[in-house]
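Each chain is listed here by its residues.
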2 protein chains.
Amino acid sequence: MNDFMYYNPTKIEFGRAKENNIGKYIKEANIKSVLLVYGTGSIKKNGLYKVIIESLNKYGISYEELDGVVSNPLLSRVKDGIKIVKEKKLQAVLGVGGGSVVDSAKAIAVGAKYDGDVWDFFINKAQISEAIPVFTVMTLAATASEMNGNSVIMNDETSQKYSISSVVVNPVVSVVNPELMASVSKDYLAYSAVDIIAHSIEVYFTATLHPNFSSRIVESIIKTVMETTEVLIKNPDDYDARAEFAWVAIQALNGLTPAGTEGGNFPNHMIEHSLSAIYNVAHGAGLGVVIPAWMKWYESKNPTQFKRFAKEIFNEDDSSKGIKKLEEWFVKIGAPTTLEAAGIPRNGIQELAINANELASLWGIDDIYTTNVIVEILEKA
Amino acid sequence: MNDFMYYNPTKIEFGRAKENNIGKYIKEANIKSVLLVYGTGSIKKNGLYKVIIESLNKYGISYEELDGVVSNPLLSRVKDGIKIVKEKKLQAVLGVGGGSVVDSAKAIAVGAKYDGDVWDFFINKAQISEAIPVFTVMTLAATASEMNGNSVIMNDETSQKYSISSVVVNPVVSVVNPELMASVSKDYLAYSAVDIIAHSIEVYFTATLHPNFSSRIVESIIKTVMETTEVLIKNPDDYDARAEFAWVAIQALNGLTPAGTEGGNFPNHMIEHSLSAIYNVAHGAGLGVVIPAWMKWYESKNPTQFKRFAKEIFNEDDSSKGIKKLEEWFVKIGAPTTLEAAGIPRNGIQELAINANELASLWGIDDIYTTNVIVEILEKA
């Protein structure tokens, strides 16, 4: 096992009706005012907004609002939020929604303590040292943003979808109530499942050292997400399936699975961000396209782990069957696995590869992921 | 899944030579003075004491010492420590050793903020609300005390081995360097393995609701501890085996595995504390005696999970074979599995059962674990 530091200070409040307590959790942290960040209106239609406001009022937490966060969240909206926080001297940010909302909340929280352009942190021009506290109430389980320090934001001027990662934006408290996730569309359920699997396999396959126990946890996550997704497709109201889905989504990217590993990276995400940035596909949909293609390209670089994956997940001895069965499962649950299925023209591959190579460069993996290599991978899609 | 709150603020610094940084970790937490708690001298023989002192000196951390902590740590020594902390106004406690040392450090940390008798917390006479910070450098992996809020202390006047559990004594930083654990005796390696398995199975078998993912994590822990123990018996210097052993020891009792479960309790520990209290057997040795006996007694109450255990761990279809094979494995690694093997006379069963029933009462499980039931269980040992 490699040396590592494990630290995750986020408190998870998991269970039915816990969104009613959000005001209490915020008050207990000695916060008196928040920026309430949310999406394009569903929380007003389904009554969650009302519950949140009532709770904030009950515990004497004052608030300003920033709505209109979209899937593939925009830097421009983050900057609007930073402005409000600074003007009104708000003490914390509360994100109510899915990964896009929470990632926006985190970027706002960091920008609130910075005099310069918050995008500086996304392009390694500045290092994050502080942020105001973040709280969340989750309405979608996929990104694990509720229990990590990651934030992925789309710069709408430059078409770059980049990220930051810092424990200072691990949420203080995250409310995870599976009931709030039950109304997710079948599409987004599928995209979420793919995202969770992506989080699980990135380091699992790319690490030069991947301890046995870590592999077992990853395999437990993948098996559980596959089983619960199939239950939820048939019965979206199955609480226990929704709850386990939500919990393994968190475990897939909260620091547990890479502990002790060495050398892993996130090439599927690196490539997918370009698909989202240029074609505005949902993150999980883009991953469904990239993952099988990337796996086919990468297999020969880590045959042992691909063999293990095929055996443990699909009881197949042949690793190429493992990749094939994963791709078939993505199709079965309704995620696209080809550029065509995702509405991306093949003549767009070069542009995508150039965009992805820039991110690869920022992540220090452009020696492997040259533009040509990324083209080669995408052509398998 | 049941509702739950998950919160574990401990930072784990895992890896080679990290004990050299303990002064830095303490200084980063704005602590200037500590009570250094340790055992009966091995850290002076093996050089670790010198490394710790050098690090404290390097970072300007002043300290007082409390040595002499024994396996099955004594309340009297804890009280000595509280006295020193209060007199010298020390700001934190640093435990360097195994579970007994760290549990003593935690009890001291709680007592330091309390005007009454710290034993009040162990008998539910008072509720813990605060403690001074705790830091650890681990020399043995078994209890997971490095990443939880538990402390088990033996009241030397009353022969009661009771516990507290509070997040306020989750260590701030725990250093886990597998190299510091390499010199553990074969006996203590075996006892540690049994303790880790005990932590894994208590809730796994006794919960009325045990989600699939949680069971998978438990099974991953058990399989990994069994494999690494066998490697370490042959080759105590195998770093990777030692490291995985240490990491799964932590995962077995840091709050992860019971998340979402309902109704579980710790009967094996409840009974074992009496064996330690009255006959001063090592905790893991006592568990080796209790576990097979308890499993035989409990099997019919949760046949599904016992069947699952036998299948997943031993690839056996018959659950009684699963219990038999676990007992055989305990014997194979050198842990006692009968009262005789642990040096406990059969005519002591009644006294043990009465002692254990008192703890069962404190834990609210004495409706099931009456004195007669505990006698019945121990007679199977």
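Conventions used here
Residues numbered from 1 in each chain as written. Chains lettered and ligands numbered in written order. Predicted model: local features only at pLDDT ≥ 70, side-chain atom pairs only at ≥ 80, totals over all residues. Heavy atoms only, no water. Contact = heavy atoms within 4.5 Å. Buried area = accessible area lost by both parts, 1.4 Å probe. Salt bridge = Lys/Arg side-chain N within 4 Å of Asp/Glu carboxyl O. Polar contact = N/O pair within 3.5 Å; in protein donor to acceptor, adjacent residues only side chain to side chain. Helix = DSSP H or I, 4+ residues; strand = E, 2+ residues; numbered from the N terminus. Pairing = 2+ DSSP bridges. pLDDT = per-residue confidence, 0-100. Axes fitted to C-alpha atoms, helices over the stretch in contact; angles between N-to-C directions. Domains from an automatic or database assignment. Expected span 1.5 Å × (residues − 1). Bend = angle between axes of the 7 residues up to and from the residue. Buried < 20%, exposed > 50% of the residue type's maximum accessible area, 1.4 Å probe, protein only.

It is worth spelling out the interface of chain A and chain B at this point. Residue-level contacts link 38 residues of chain A with 38 residues of chain B. Both faces combined, the contact of chain A with chain B buries some 3,300 Å², and carbon together with sulfur accounts for 59% of it. Counting the surface chain A buries against chain B, the share from its top three residues, Met1, Phe213 and Trp247 of chain A, is 23%. Put simply, chain A and chain B have 2 salt bridges between them. With a shortest N-O distance of 2.8 Å, Glu227 of chain A and Arg216 of chain B are connected by a salt bridge. Counting every contact that joins chain A to chain B gives 20 residue pairs in polar contact (both at pLDDT 80 or more). Those elements that place two or more of their residues in the side of chain A that touches chain B are β1 (4–6), β2 (11–14), α8 (212–234) and α9 (239–251) of chain A. When residues of the side of chain A that touches chain B are assigned to their parent elements, the largest contribution, 10 residues, is made by α8 of chain A. Where β1 of chain A lies against strand β2 (residues 11–14) of chain B, 3 bridges are found, and the strand directions are antiparallel.

Okay, the confidence of the model for chain A next. In this model, chain A carries a mean pLDDT of 96, and residues with pLDDT of at least 70 account for 100%. Confidence metrics for the complex model read pTM 0.97 and ipTM 0.96.

In spatial order, the strands read β1(A)-β2(B)-β9(B)-β6(B)-β5(B)-β3(B)-β4(B); together these 7 strands make up an open sheet with mixed pairing. Across the chains shown, the open sheet's two edge strands, defined by having one partner strand only, are β1 of chain A together with β4 (62–66) of chain B. Along the sheet, successive strands turn relative to each other by an average axial angle of 15 degrees, direction set aside.

Residue and element names in this part refer to chain A. Along its sequence, chain A is organised into domain 1 (11–180) and domain 2 (186–379). A straight line from the C-alpha centre of domain 1 to that of domain 2 covers 26 Å. Every contact between the two is made by 29 residues of domain 1 and, on the other side, 27 residues of domain 2. Here domain 1 meets domain 2 over a buried area of about 2,200 Å², counting both sides, of which 61% is carbon and sulfur. Sorting the residues of domain 1 by area buried against domain 2 places Ala142, Lys161 and Tyr162 first, and these three jointly supply 22% of that buried surface. Applying the counting criterion to the domain 1 and domain 2 interface returns 0 salt bridges.

Read across the open sheet, the 7 strands follow the order β4(A)-β3(A)-β5(A)-β6(A)-β9(A)-β2(A)-β1(B); overall the sheet is mixed. Since the sheet does not close on itself, it has two edges, and those belong to β4 (62–66) of chain A together with β1 (4–6) of chain B, each with one partner. Geometrically, the sheet is characterised by an average inter-axis angle of 15 degrees between neighbouring strands, direction not taken into account. One ladder, built from 5 bridges, connects strand β5 (residues 92–97) of chain A with strand β6 (residues 134–138) of chain A; its direction is parallel.

Turning our attention to helix α11 (residues 283–298) of chain B. Residues and elements named next belong to chain B. Here α11 contains 16 residues, and its C-alpha end-to-end distance of 21 Å stays within 8% of the 22 Å for a straight helix at 1.5 Å per residue. If you look at α11, its biggest bend is around 30 degrees, right at Val290, and the proline Pro292 turns up within four residues after that. Counting buried positions over the 16 residues of α11 gives 15, a clear majority of the element.

On to the pattern of salt bridges. Residue and element names in this part refer to chain A. On inspection of all chains with the given rule, the structure shows 34 salt bridges over all chains. Here Arg77 makes a salt bridge to Asp80, at a shortest N to O gap of 2.7 Å. A residue pair is termed a helical-turn pair when its members lie 3 or 4 positions apart in one helix, as Arg77 and Asp80 do in helix α4 (residues 75–88) at 3 residues. Exposure remark for Asp80: the relative accessible area of 35% places this residue in the partly exposed category. For the salt bridge of Lys332 with Glu230, the shortest nitrogen-to-oxygen distance reads 3.5 Å. Of this pair, Lys332 sits in helix α13 (residues 319–333) while Glu230 sits in helix α8, and the two are 102 residues apart along the sequence. Judged by its relative accessible area of 57%, Lys332 is exposed. The exposure class of Glu230 is partly exposed, given its relative accessible area of 27%. Here the salt bridges do not stand alone but share partners, grouping Asp67, Arg77 and Asp80 into one network.

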